[in-house]
Amino acid sequence: MNAQQLSAEFGVKGVVEFSEQGGLAKAVVSRDGMHGELFLQGATVTAWAPAGARPVIFTSPKAVFAPGTAVRGGIPIIFPWFGPKQDEPKAPQHGFVRAAPWKLESVETSRPGEVTLRLGISEAEATSPFWPDAYRATYTVTFGKALSIELAVQNRAGHEIRFEEALHTYFAISDIAKASVTGLSGTTFIDKVDGFQRKTQDGAPIKLSGETDRVYLSTPGRAVIEDAEWRRRIVVEKDGAASSIVWNPWTEKAAAMKDLGAEAWRGMICVETGNAADNAVRLAAGGEHRMTTRISVDAA
Ligand code: BG6
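Below: a short report on this structure.

Reading guide: rules and limits
Residues numbered from 1 in each chain as written. Predicted model: local features only at pLDDT ≥ 70, side-chain atom pairs only at ≥ 80, totals over all residues. Heavy atoms only, no water. Helix = DSSP H or I, 4+ residues; strand = E, 2+ residues; numbered from the N terminus. Buried < 20%, exposed > 50% of the residue type's maximum accessible area, 1.4 Å probe, protein only. Contact = heavy atoms within 4.5 Å. Areas by Shrake-Rupley, 256 points an atom, 1.4 Å probe, with all protein chains shown as cover. Lys, Arg positive; Asp, Glu negative; His and termini not counted. Charge placed at Lys NZ, Arg CZ, Asp CG, Glu CD. Core = buried A, V, L, I, M, F, W, Y, C linked by side-chain atoms within 4.5 Å. Near = heavy atom within 4 Å. Polar contact = N/O pair within 3.5 Å; in protein donor to acceptor, adjacent residues only side chain to side chain. Nonpolar A, V, L, I, M, F, W, Y, C, P; charged D, E, K, R; others polar. Phe/Tyr/Trp six-rings, centres within 6.5 Å; stacked < 30°, edge-to-face > 60°. Pairing = 2+ DSSP bridges. Axes fitted to C-alpha atoms, helices over the stretch in contact; angles between N-to-C directions.

1. Let's talk about the overall build of the protein chain
When its secondary structure is counted, the protein chain shows three helices and 22 strands. On the principal axes, the C-alpha backbone points of the protein chain span a range of 50 × 50 × 35 Å. Every one of the 300 residues in the protein chain was classed for burial, and the buried ones make up 54%. Excluding contacts between residues fewer than 6 apart, the proportion of contacts in the protein chain whose partners are at least 24 apart in sequence is 63%. Summed over its atoms, the accessible surface of the protein chain is roughly 12800 Å², and 48% of this surface lies on carbon and sulfur atoms. Here the protein chain contributes 33 positive and 35 negative side-chain charges, whose respective centroids are spaced 3 Å apart.

2. A few points about the nonpolar core
Trp102, Leu117, Tyr139, Phe143, Leu147, Phe171 and Ile269 are the most contacted members of the largest nonpolar core, which totals 79 residues. Among the elements that line this core, the one with the most residues is strand 8 (residues 135-143), at five residues. Residue contacts for phenylalanine 143: discarding those within four places in its chain leaves Val29, Met34, Gly36, Glu37, Leu38, Val45, Ala47, Trp48, Gly113, Glu114, Val115 and Leu117. Counting residues in each nonpolar core, the second largest holds eight residues, with Ala166, Val215, Leu217 and Ala276 among its members.

3. Quick notes on the site of the ligand
Looking at the ligand, the residues that line it are Arg72, Phe82, Gln93, His94, Arg98, His168, Lys192, Asp213, Trp247 and Glu272. Between the ligand and arginine 72, the relevant distance is 3.0 Å, taken from an oxygen atom to a side-chain nitrogen or oxygen of the residue. Contact between the ligand and aspartate 213: an oxygen atom at 2.5 Å from a side-chain N or O atom of the residue. Protein contact buries 83% of the 390 Å² of open area that the ligand shows by itself. Looking at the shell around the ligand residue by residue, the classes come out as two nonpolar, three polar and five charged.

4. A short note on the packing of aromatic side chains
Two descriptors summarise a pair of aromatic rings, namely the distance from one centre to the other and the angle between the planes of the rings. Taken as a whole, this structure holds 11 aromatic pairs when the rule is applied. Taken together, a centroid distance of 5.9 Å and an interplanar angle of 85 degrees make the contact between phenylalanine 96 and tyrosine 135 edge-to-face. One end of the pair, phenylalanine 96, is in the loop between strand 5 (77-78) and strand 6 (103-108); the other, tyrosine 135, is in strand 8, with 39 residues separating them in the sequence. For the residue pair phenylalanine 96 and tyrosine 135, the accessibility class agrees, reading buried in each case. Judged by centre distance (5.9 Å) and plane angle (55 degrees), the ring pair of tryptophan 102 and tyrosine 139 falls under tilted. With tryptophan 102 in the loop between strand 5 and strand 6 and tyrosine 139 in strand 8, the pair connects residues that are 37 residues apart, well separated along the chain. Put simply, the rings of Phe79, Trp81, Phe96, Trp131, Tyr135 and Phe163 pair up and form one aromatic cluster.

5. Regarding the side chain of asparagine 279
Mapping asparagine 279 onto the fold places it in the loop between strand 20 (268-275) and strand 21 (281-283). The buried category is assigned to asparagine 279, whose relative accessible area is 13%. Contact partners of asparagine 279, with chain neighbours within four places excluded, come to Tyr216, Leu217, Ser218, Ala242 and Ser243.

6. A few points about the sheet that holds strand 8
Ordered in space as 6-7-8-9-22-18-17-13, the eight strands form an open sheet in which the pairing is antiparallel. The sheet is open, and its two edges are formed by strand 6 and strand 13 (179-182), each paired on a single side. Each strand axis lies, on average, 15 degrees off the axis of its neighbour in the sheet, ignoring direction. In this structure, strand 7 (residues 115-122) lies alongside strand 8, joined through eight bridges in antiparallel fashion. Within strand 8, the residue paired with glycine 120 across the bridge is threonine 138.

Coordinates in, geometry out; function isn't part of it.
Okay, structure coming up:
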């Protein structure tokens, strides 16, 4: 559906409006000063800010908005594998739904201050030669004082499946040199920039000082991004999601990424909620798995 058709079916004047960017339809939601945006391609949230707050979600100023291209920034949905697919070097990184055509199924505005969009995808919309199984995923996003998200995956394959998933969330921060992450102390992480070694996180807040790419396993339900310069704390709560991934490409890698570039990476950090590596999900035939996250902002 194009923006005009979406407006006719789902639009709520001044609250949920649809427009197009790079030929892609997006929903723009506004309520009591809260602002949010979501592209139907990839069901990718690209903006959210509660009333009066700076943007919480980072989207690269050089992000490419085009059919079939994943957005650099926002919250790309990673499914059904995280990173390169094990034993399948030709498979695209991070699965095949982050730039696929999700369908908007409903828009709900009955709760004060909130807008909920529900989208779905199945093998009818997106398949991959590397994923022969039938599936359905439903993505429910509530924009409000908090940003609440649920990714539900149904196994329609007729046999048990194993999958990975992540909400590859790019957070907006003042400066990577002034931000830190807490809540992951004592957990084991796979350090992808140090030969995939397994390490234990110490008790100090995590401060990044170079390229960082870590899959934290079996993490607690709450991680916090402390941003001293902007005097705020971004709280990331999760359920049904055992992993947290912390990523920043740093100087050289960022400069080599055309859709990120030499400067903007300092203003972002990915703290992703998911189920990856040892935490991959095994789902029985006919079963459903739900992963949720709730993102909120506190003054620090
Ligand atoms: C992170 C991975 O989640 O995503 C990194 O851990 C990867 O290894 C990064 O580089 C970005 O991936 P992409 O495919 O969006 O460039």
